[in-house]
Amino acid sequence: MKRVLRMEWMVMLFLYKSVFTCGYIPFNPTTPVELHPGNLRLCGNCKEAMETSNGGLVCRLFGKIDPVWGKVNYDSCSVVRSNSSQCGSIGRFYLNLYDNKE
């Protein structure tokens, strides 16, 4: 049983690692359930994601503040998700927009 669970985690980590190389997470009927489209932590479904005027997504958790004017420049979701010290490919700080448990 432990070996099967360890193997599943190794497969999931390998697939998450592929996000850095191609930007997409592949799935098929044999892929672990956590990686199927309905179970992924998508930035588009996160409470902290905000759409920009040009149609991109930025994360309100990470950014920079201009010390002169106070303008906030948020990091794009793709940058945040590709940086393991921020949200990373697993969506560490993901908050489901449709979760009403608060």
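Residues numbered from 1 in each chain as written. Predicted model: local features only at pLDDT ≥ 70, side-chain atom pairs only at ≥ 80, totals over all residues. Heavy atoms only, no water.

Re the overall build of the protein chain
Moving on, step 1. When helices and strands are tallied, the protein chain shows 2 helices and 3 strands.
Moving on, step 2. Order of helices (α) and strands (β) in the protein chain, N terminus to C terminus: α-β-β-β-α.
Moving on, step 3. The long-range share in the protein chain, meaning contacts at least 24 apart out of those at least 6 apart in sequence, stands at 33%.
Moving on, step 4. For the protein chain, the exposed area adds up to about 8000 Å²; of that, 60% sits on carbon and sulfur atoms. (Helix = DSSP H or I, 4+ residues; strand = E, 2+ residues; numbered from the N terminus. Contact = heavy atoms within 4.5 Å. Areas by Shrake-Rupley, 256 points an atom, 1.4 Å probe, with all protein chains shown as cover.)

Examining the pattern of salt bridges
Where side chains of opposite charge bring their charged atoms close, a pairing between them can arise.
Moving on, step 1. A full pass over the atoms with the stated rule returns 2 salt bridges.
Moving on, step 2. The residue D75 makes a salt bridge to K64 at a minimum N-O spacing of 3.3 Å. Of the two residues, D75 is situated in strand β3 (residues 72-76) and K64 in strand β2 (residues 57-65); the sequence distance between them amounts to 11 residues.
Moving on, step 3. Under the relative-accessibility criterion, D75 is labelled buried at 14%. (Salt bridge = Lys/Arg side-chain N within 4 Å of Asp/Glu carboxyl O. Buried < 20%, exposed > 50% of the residue type's maximum accessible area, 1.4 Å probe, protein only.)

Points about the nonpolar core
Moving on, step 1. Judged by nonpolar contacts, C43, C46, A49, C59, F62, C77, V80, C87 and Y94 together constitute the single largest core of 9 residues.
Moving on, step 2. Those elements giving two or more residues to this core turn out to be β2 and α2 (77-82).
Moving on, step 3. Apart from the residues lying within four places of it in its own chain, the contact partners of F62 are Y74, D75, V80, Q86, C87 and F93. (Core = buried A, V, L, I, M, F, W, Y, C linked by side-chain atoms within 4.5 Å.)

A short note on the pairing of β3
Moving on, step 1. Relative to β3, β2 runs antiparallel, the two being bridged by 5 bridges. Paired with C59 across the two strands is D75, which belongs to β3.
Moving on, step 2. Hairpin geometry of β2 and β3 is characterised by an intervening segment of 6 residues between the two adjacent antiparallel strands and by a positive phi of about 80° at G70. (Pairing = 2+ DSSP bridges.)

What to know about the confidence of the model for the protein chain
Moving on, step 1. The pLDDT averaged across the protein chain works out to 76; a share of 63% of its residues lies at or above 70.
Moving on, step 2. Predicted confidence in the protein chain is weakest over helix α1 (residues 2-22), with a mean pLDDT of 52, and strongest over β2, with 93.
Moving on, step 3. Long-range and interchain partners of residues 18-22, a stretch whose pLDDT sits below 50, account for 10 contacts in this model, where long-range means more than four residues apart. (pLDDT = per-residue confidence, 0-100.)

Section: the sheet that holds strand β1 (residues 49-51)
The pairing of strands in a sheet happens through backbone hydrogen bonds and is either parallel or antiparallel.
Moving on, step 1. Read from one edge to the other, the open sheet built from 3 strands follows the order β1-β2-β3, with strand pairing classed as antiparallel. What marks the edges here is a single partner per strand, and that holds for β1 and β3. Taken pair by pair, the neighbouring strands of this sheet meet at an average axis angle of 65°, ignoring direction.
Moving on, step 2. When β1 meets β2, the two strands line up antiparallel, connected through 3 bridges. In the strand pairing of β2, E51 is matched with L57. (Axes fitted to C-alpha atoms, helices over the stretch in contact; angles between N-to-C directions.)

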